[in-house]
Amino acid sequence: MTIDQFRDYMASGQPIGGGSPVHQMFHQLSQEALRITAEINGRYHTPQELHALLEELWGRPVPESVGMFPPFHTDCGKNTVVGERVFINMGCKFQDQGGITIDEGALIGHNVVLATLNHLVDPEQRAGMTHAPIHIGRNVWIGANATVLAGVSIGDGAIVAAGAVVTHDVPPRAIVGGVPAKIIKMIPES
């Protein structure tokens, strides 16, 4: 299975059977991600060196304006897309098999978890998984230690409070917080 075939399958929304070719691809991609993130996290890299490592990890071009403070962790890496001026702070964990898109100007706080997979509920099928993409809109700010779950879209200009667990879509310009996250207030138009 190629990276493009993997991405196409994941975009289809079909479940992943335990031991299936897609599941086996997860394992292959995780080994590459472990190698690259060990390099990212193991020593200092200039911004240019870090940029090259992110392009290798994500398997696609990354805008020069993207910033990251390691450490950073992912168990796949090949299904993340980031826009211009995205910043990812220390300690973030991206489970991106289901697809993560982060639009321009988004700020991702310390220790944020973006999780696109779930195991099946049936104990006899527990090795199987479902997945759904995460989409983070333009100029979103996600606070430290927040978790965004599979299938969630966060609208442009929204803020996710520190420690929130986001289980449902967030409207543009909303401030959400809590477990599960709920709308606290709306950001007025300027």
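Our structure's up above, just so we're on the same page.
Residues numbered from 1 in each chain as written. Predicted model: local features only at pLDDT ≥ 70, side-chain atom pairs only at ≥ 80, totals over all residues. Heavy atoms only, no water.

### Overview of the packing of helix H2 (residues 21-42) against helix H3 (residues 47-58)
- It is at 10 Å that the axes of H2 and H3 come closest, and there the two elements cross at 170°. Here H2 lies roughly antiparallel to H3, going by the angle between them. On the side of H2, the interface is formed by Glu32, Ala33, Arg35, Ile36, Thr37, Glu39 and Ile40, while H3 contributes Leu50, Leu53, Leu54, Glu56 and Leu57.
- The residue makeup of the contact of H2 with H3, split by class, is seven nonpolar, one polar and four charged. (Axes fitted to C-alpha atoms, helices over the stretch in contact; angles between N-to-C directions. Helix = DSSP H or I, 4+ residues; strand = E, 2+ residues; numbered from the N terminus. Parallel < 35°, antiparallel > 145°, perpendicular 65-115°, else oblique. Contact = heavy atoms within 4.5 Å. Nonpolar A, V, L, I, M, F, W, Y, C, P; charged D, E, K, R; others polar.)

### Re the pairing of strand E17 (residues 174-177)
- Covered by surrounding structure in E17 are Ala174 and Val176 together with Ile175 and Gly177, the residues of both alternating faces.
- Where strand E15 (residues 159-160) meets E17, two bridges bridge the pair, whose relative direction is parallel. Its bridge partner being in E17, valine 160 is matched across the sheet by valine 176.
- Where E17 meets strand E18 (residues 182-186), four bridges bridge the pair, whose relative direction is antiparallel. Each residue of the ladder has a partner; that of valine 176, found in E18, is isoleucine 183.
- In this antiparallel pair of consecutive strands, E17 and E18, the connection spans four residues, and glycine 178 shows a positive phi of 100°. (Buried < 20%, exposed > 50% of the residue type's maximum accessible area, 1.4 Å probe, protein only. Pairing = 2+ DSSP bridges.)

### Regarding the pattern of salt bridges
- Going through the model one piece at a time under the given rule, you end up with eight salt bridges.
- Here arginine 35 makes a salt bridge to glutamate 56, at a shortest N to O gap of 2.9 Å. Highlighted residues: arginine 35 in helix H2 and glutamate 56 in helix H3, separated in sequence by 21 residues.
- Glutamate 56 sits in the partly exposed class, given a relative accessible area of 34%.
- Between glutamate 189 and arginine 173 there is a salt bridge, with the nearest N and O atoms lying 3.5 Å from each other. Placement of glutamate 189 in the segment after E18 and of arginine 173 in the loop between strand E16 (165-166) and E17 is noted, with a sequence separation of 16 residues between them.
- With a relative accessible area of 66%, glutamate 189 lands in the exposed category.
- The class for arginine 173 is partly exposed, based on a relative accessible area of 23%.
- In the salt-bridge network here, residues are joined through shared partners; they are Arg85, Glu104, Arg138 and Asp156. (Salt bridge = Lys/Arg side-chain N within 4 Å of Asp/Glu carboxyl O.)

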